[in-house]
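What the coordinates show
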Amino acid sequence: RYRRGVVEMTITGWYRDSGTVVTVEPQGYYVNDNLVQGVKTLTNKGRNIDGNLVYDLFVDGSVTTSDGTIHWTSTRQNEWKEGESTVFIPWDDVYMITGTAEGTNIEGEDFDVVINSALRILVGCRWITSGSLTLTSGTFSMSVDYGTGACDATAVVTINGEEYTIVMN
């Protein structure tokens, strides 16, 4: 992939400090010839009742290609579930992600994404290790189940009641 442009990041404090806000904004940023625009804001909300750090994440973004523009907004919450105590070993960090997204695809059709059960993100794994989500656009609906925690490339996709096991790249 050919990348060019600038990604500007503003940080108001330490990542682990309650109230810290991290803002990321691409400036003339392209991946190949696709223009990436928008803003991503991560806010440290402090600790939850379980003592885990919680971050609110908001994205308002778009990607403009030669075929059209994809636009979406997303509101999620990231709970830092494991690995906080091993400061110099980020690969064991686990985040549980909940939330929603909505947007418009290249054809101008609206879509919605709902995380049905928290997505488990192990920083040292390339794939989502568990959780499920549903993508809906018009009359089309698809659910994705990422499994029960193994760091593997398989997921089960259900479309119109038919299940398909897929292998992600």
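Refer to the structure printed above.
This text gives an overview of the structure that appears in the document.

Basis of the calculations
Residues numbered from 1 in each chain as written. Predicted model: local features only at pLDDT ≥ 70, side-chain atom pairs only at ≥ 80, totals over all residues. Heavy atoms only, no water. Patch = residues over 30% accessible without salt bridge, like charges linked within 9 Å, V, L, I, M, F, W, Y side chains within 5 Å. Areas by Shrake-Rupley, 256 points an atom, 1.4 Å probe, with all protein chains shown as cover. Salt bridge = Lys/Arg side-chain N within 4 Å of Asp/Glu carboxyl O. Lys, Arg positive; Asp, Glu negative; His and termini not counted. Charge placed at Lys NZ, Arg CZ, Asp CG, Glu CD. Helix = DSSP H or I, 4+ residues; strand = E, 2+ residues; numbered from the N terminus. Core = buried A, V, L, I, M, F, W, Y, C linked by side-chain atoms within 4.5 Å. Buried < 20%, exposed > 50% of the residue type's maximum accessible area, 1.4 Å probe, protein only. Contact = heavy atoms within 4.5 Å. Pairing = 2+ DSSP bridges. Axes fitted to C-alpha atoms, helices over the stretch in contact; angles between N-to-C directions.

This next bit is on a negative patch on the surface. Negative charge collects at one region of the surface, where Asp67, Glu102, Glu107, Glu109, Asp110 and Asp112 lie side by side. Positionally, Asp67 belongs in the loop between β4 (53-65) and β5 (68-82).

All right, on to the nonpolar core then. Grouped together as the largest cluster of nonpolar side chains are 17 residues, with contacts concentrated most on Tyr55, Leu119, Val144 and Tyr146. Residue assignment for this core shows that the elements contributing at least two residues are β4, β6 (94-104), β7 (110-122), β9 (140-148) and β10 (154-159). The dominant element in this core, judged by the number of residues it contributes, is β4, at four residues. Beyond its immediate chain neighbours, meaning those up to four positions away, Tyr55 contacts Tyr15, Arg16, Leu42, Thr43, Asn44, Lys45, Arg76, Gln77, Asn78, Trp80 and Tyr95.

Attention now goes to the sheet that holds strand β11 (residues 162-167). In any sheet, the strands associate via hydrogen bonds between backbone groups, in a parallel or an antiparallel arrangement. With antiparallel pairing, eleven strands are arranged side by side in an open sheet as β1-β2-β3-β4-β5-β6-β7-β8-β9-β10-β11. The strands lining the two open edges of the sheet, one partner per strand, are β1 (3-11) and β11. Averaged over all pairs of adjacent strands, the angle between their axes in this sheet comes to 15 degrees, without regard to strand direction. Here β1 runs beside strand β2 (residues 21-31); their pairing, made up of eight bridges, is antiparallel. From the neighbouring strand, Val6 faces β2, where its bridge partner is Gln27.

Next up on the list: the pattern of salt bridges. Under the counting rule described, the total for this entry stands at five salt bridges. With its nearest N and O atoms 3.9 Å apart, the salt bridge here joins Glu82 to Arg120. Highlighted residues: Glu82 in strand β5 and Arg120 in strand β7, separated in sequence by 38 residues. Through salt bridges with shared partners, one network takes in Arg16, Arg47 and Glu84.

What follows is about a nonpolar patch on the surface. Together, Val87, Phe88, Ile89, Trp91 and Val123 make up a nonpolar patch on the protein surface, roughly 600 Å² of accessible area in all. Here Trp91 lies in the loop between β5 and β6.

Relative to the assigned elements, Cys125 resides in the loop between β7 and β8 (130-137). Under the relative-accessibility criterion, Cys125 is labelled buried at 10%. Taking C-alpha positions, Cys125 is 10.0 Å from Asp93, a pair spaced 32 residues apart along the chain.

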